[in-house]
Amino acid sequence: MSWDTWALLSILSLCVAVICWSAWGFYRDSHPGGDDRFLRLRYLDGSKCVEVPASGGIGRRHRARHRAA
């Protein structure tokens, strides 16, 4: 095989790997399978996670209510 063929195959395999990895990440995010009352944030090394209580409004914009005096 020529150099061009090997380069094309390596680029193609890299693209397929990135697509599979991102699809698996989106699947895991959309199907947590655990307790939905907590937002789990993993450490960079993947050894542990921090659980933050979810208030039901994750991703929403919060505003303080103003009272008329």
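All figures in this text were calculated on a predicted structure; none of them were measured in a lab. (Residues numbered from 1 in each chain as written. Predicted model: local features only at pLDDT ≥ 70, side-chain atom pairs only at ≥ 80, totals over all residues. Heavy atoms only, no water.)

A. Geometry of a nonpolar patch on the surface. Among the surface-exposed residues, Met1, Trp6, Leu9, Leu12 and Val16 lie close enough to one another that they form a single nonpolar patch of about 560 Å² accessible area. By the element assignment, Trp6 lies in helix α1 (residues 3–30). (Patch = residues over 30% accessible without salt bridge, like charges linked within 9 Å, V, L, I, M, F, W, Y side chains within 5 Å. Areas by Shrake-Rupley, 256 points an atom, 1.4 Å probe, with all protein chains shown as cover. Salt bridge = Lys/Arg side-chain N within 4 Å of Asp/Glu carboxyl O. Helix = DSSP H or I, 4+ residues; strand = E, 2+ residues; numbered from the N terminus.)

B. Quick look at the pairing of strand β1 (residues 38–42). Across 5 bridges, β1 lies against strand β2 (residues 49–53) in antiparallel orientation. Directly across from Arg40, in β2, lies its bridge partner Glu51. The turn joining β1 and β2, which pair antiparallel and follow one another in sequence, is formed by 6 residues; a positive phi near 80 degrees is taken by Gly46. (Pairing = 2+ DSSP bridges.)

C. Geometry of the confidence of the model for the chain. Chain-level pLDDT for the chain is 78 on average; 71% of the residues reach the 70-or-more range. Within the chain, β1 has the poorest average pLDDT of any element, 76, and α1 the best, 92. (pLDDT = per-residue confidence, 0-100.)

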